[in-house]
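Listed below are the residues making up each chain.
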Amino acid sequence: MSKGLEGAPSEGHARGQVSPGGQLFALVASHRAAGLDFLARLGSGPRRVTSGAVAGSPDVSGAVVLSTCNRFEVYFELAAGSDAAAARDGVVSIISSCSGVPEGELGGSLDFLSGHEMTEHLFSVGAGLDSAVVGEREIAGQLRRALAAAQETGTAGGGLIRLFQAASRASRDVGSLTKLGDAGRSMVSVALDLAAAKLGRVGTAGLSVVVIGTGAYAGSTLALLAAGHCSNVSVFSWSGRAGGFAETRGAAALSQAELPAAIRNADVVIGCSGRGSRLGTDKFRRWRQGTQGRLVVVDLALSRDFEPETGNIPGIDLITLEDVRLASPREHSAAVQEATVLVRHASLRFEEERQSRQMDSAIVALRSHMQQVLAGELERIRNQHACPATAEAVEFAVRRVVRQLMHVPTARARELAASGRHGDYTAALEALYGLTVGPADAVGPAGQGVCGQETRPESGLEAGKKSLTARAS
């Protein structure tokens, strides 16, 4: 992985050289390298870093932002006529402006990825291989929601849509073909197990639980509580959205006036919001005054729903995201290796198809040029030869010559695409023929050749199956 922002990969073109557009890049920070506190700062600044904000850069034509408690990642598509380094700097500036984190600090904490490195990283993330709880399935839903949010605002271009959809397919393949994540472990499930253990219980059945928040983690929490036969669950939201959220999930909604009594009588309080007020020690002392039972406070919000000192109050135990990460079980190494094989094959296959797709527009441009020249010559031949048979024979011979002349440039285009050198090919077309090659999205859908013939390359799933079969034998 390319640490930091210096010497950014250019994916086929030199620094300062403009691009026809459509190239994909990513800026990523994860809990492993940047730490949870840094991720919290990125997500709790003056403004949220959204795909719309990133796509506002003149050098970016599309963006998808994946922001969770374990990572902050921005995937963006280069605008036509822009330079990768300029686009990267523009995205960093936007992240800094929204989060309040200085650009210099971002430069040392964000990794700049492109090409297969970027693709394999996202596929690994979607499969749960890069999660604090290896194999957890919550991240797959977060990928889908990140793409959906960008599509709703019109900021996800065709290249990003295909990238995220392919990552989701790879995630499903890992789930169906390997045992990774069979135990159903997740950040939420580990947190609930820790809470029950602190109360001397096995499972959450019979506990009184208050959930703060109505987002994805809150939904996962309520689903796991229901599966664990915990029926005494209430939900509070600082934004006032608890009513509909709780009703559809079999929980009770709390108003702000009802929150103190609910926490007073609770066994577990779980924070999944990160957007409202932070509950402090004064309120917990006041609301729990006179109670004899223990209270476990679980903070699943990246920017924290509770003050860290809450755990110092007698009778209250605080569980943080860091506690959950440290308590997360390790997956069986064989399952991880099998999933890694599938992810690698899927990401390689995607990159090959993407490179070929980028080259398709160049091949189409060259074929169109040759067809225009051919059409002019054929018209001249028809006008010169009164005999239709002679004109047809000449036309047949000329078309055959053109097909033969196109064979080597087409084959060479595929070879250069496979090695990531599509920029060399398009530059040659411009130098030799004066042809300007448009973005890859201007041609037909992936999997369709320039002659309209469908191609069916071996999928990443098929390649992964073969590899796993070979390993087993």
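The structure displayed is predicted, hence computed values, not measured ones.

Caption draft 1: Representation of the pattern of salt bridges within the structure. With the rule as written, the count across this model stands at ten salt bridges. Measuring nitrogen to oxygen at the nearest pair gives 3.2 Å for the salt bridge that ties arginine 71 to glutamate 73. Residue arginine 71 is classed as buried on the basis of its relative accessible area, which comes to 1%. With a closest N to O distance of 3.2 Å, arginine 399 and glutamate 395 form a salt bridge. With arginine 399 and glutamate 395 both in helix α15 (residues 388–418) and four residues apart, this pair spans about one turn of that helix. According to the relative accessible area criterion, arginine 399 is partly exposed, its value standing at 32%. One connected set of salt bridges, linked through shared partners, spans Arg71, Glu73 and Asp130.

Caption draft 2: Just the sheet that holds strand β3 (residues 71–78), in detail. Strand order in the open sheet made by the four strands is β2-β3-β1-β4, with antiparallel pairing throughout. Of all the strands in the sheet, the pair left with one neighbour each is β2 (60–67) and β4 (111–114). Neighbour-to-neighbour, the strand axes of this sheet turn through a mean angle of 20°, independent of strand direction. Of the pairings in the sheet, the one linking β2 to β3 comprises seven bridges and is antiparallel in character. Bridge pairing in β3 links valine 65 to valine 74. Relative to β3, helix α3 (residues 84–99) is tilted by about 140°, and along the sheet it contacts β1 (24–30), β2, β3 and β4.

Caption draft 3: The environment of serine 99, seen in detail. On the secondary structure map, serine 99 appears in helix α3. By relative accessible area, serine 99 is classed as buried at 7%. Sequence separation of serine 99 and glycine 43 is 56 residues, and the distance between their C-alpha atoms is 6.6 Å. A polar atom in the side chain of serine 99 sits 2.7 Å from the backbone oxygen of isoleucine 95. A distance of 3.2 Å separates a polar side-chain atom of serine 99 from the backbone nitrogen of valine 101.

Caption draft 4: The arrangement of α3 in detail. Between its first and last C-alpha, α3 extends 22 Å over 16 residues, near the 22 Å set by a 1.5 Å rise per residue. Counting buried positions along α3 yields twelve of 16 residues, so the element is predominantly enclosed. Listed as buried for α3 are Ala84, Ala85, Ala87, Arg88, Gly90, Val91, Val92, Ile94, Ile95, Ser96, Cys98 and Ser99. One or two positions beyond α3, positive phi appears at glycine 100, with a value near 85°.

Caption draft 5: How the structure looks around the nonpolar core. One finds Val54, Phe76, Ile95, Val209, Val211, Val298 and Leu300 to be the most contacted residues of the largest nonpolar core, which totals 61 residues. Per element, the largest residue contribution to this core is seven residues, and it comes from α3. Contacts of valine 298, omitting those with residues within four sequence positions, involve Ala191, Ala195, Val268, Val269, Ile270, Gly271, Phe306 and Ile319. Counting 35 residues, the second largest nonpolar core, distinct from the first, contains Leu122, Leu129, Val174 and Val343.

Caption draft 6: The arrangement of the packing of helix α5 (residues 115–126) against helix α6 (residues 138–152) in detail. Put simply, α5 and α6 touch, their axes get as near as 8 Å, and they point 125° apart. Judged by the inter-axis angle, α5 sits oblique to α6. Note on element contacts: α6 touches α5 through Ile139, Ala140 and Leu143, opposite Leu122, Val125 and Gly126. When its residues are assigned to classes, the contact of α5 with α6 shows five nonpolar, one polar and no charged.

Caption draft 7: Just the sheet that holds strand β7 (residues 252–254), in detail. Taken in spatial order, the six strands line up as β7-β6-β5-β8-β9-β10 in an open sheet, and their pairing is parallel. Each end of this open sheet is capped by a strand with a single partner; those strands are β7 and β10 (316–319). Across this sheet, the average inter-strand angle for adjacent strands is 20°, counted without regard to direction. Across four bridges, the pairing between strand β8 (residues 268–271) and strand β9 (residues 295–299) is parallel. Counterpart to valine 269 in the pairing with β9 is valine 297. Packing against the sheet, helix α8 (residues 187–198) makes contact with β8, β9 and β10, and its axis sits at approximately 160° to β10.

Caption draft 8: Seen up close, the pairing of β3. In terms of burial, β3 is largely enclosed, as eight of its eight residues are buried. Linking two consecutive strands that pair antiparallel, namely β2 and β3, is a turn of three residues.

Caption draft 9: Seen up close, the packing of aromatic side chains. Under the definition given, this model contains seven aromatic pairs. With a centroid separation of 5.3 Å and an interplanar angle of 90°, the aromatic rings of tyrosine 75 and phenylalanine 164 are classed as edge-to-face. In this pair, tyrosine 75 sits in strand β3 while phenylalanine 164 sits in helix α7 (residues 158–177), placing the two residues 89 residues apart along the sequence. As far as the burial class goes, tyrosine 75 and phenylalanine 164 line up, both buried.

Rules used throughout
- Residues numbered from 1 in each chain as written.
- Predicted model: local features only at pLDDT ≥ 70, side-chain atom pairs only at ≥ 80, totals over all residues.
- Heavy atoms only, no water.
- Salt bridge = Lys/Arg side-chain N within 4 Å of Asp/Glu carboxyl O.
- Buried < 20%, exposed > 50% of the residue type's maximum accessible area, 1.4 Å probe, protein only.
- Helix = DSSP H or I, 4+ residues; strand = E, 2+ residues; numbered from the N terminus.
- Pairing = 2+ DSSP bridges.
- Axes fitted to C-alpha atoms, helices over the stretch in contact; angles between N-to-C directions.
- Contact = heavy atoms within 4.5 Å.
- Polar contact = N/O pair within 3.5 Å; in protein donor to acceptor, adjacent residues only side chain to side chain.
- Expected span 1.5 Å × (residues − 1).
- Core = buried A, V, L, I, M, F, W, Y, C linked by side-chain atoms within 4.5 Å.
- Parallel < 35°, antiparallel > 145°, perpendicular 65-115°, else oblique.
- Nonpolar A, V, L, I, M, F, W, Y, C, P; charged D, E, K, R; others polar.
- Phe/Tyr/Trp six-rings, centres within 6.5 Å; stacked < 30°, edge-to-face > 60°.

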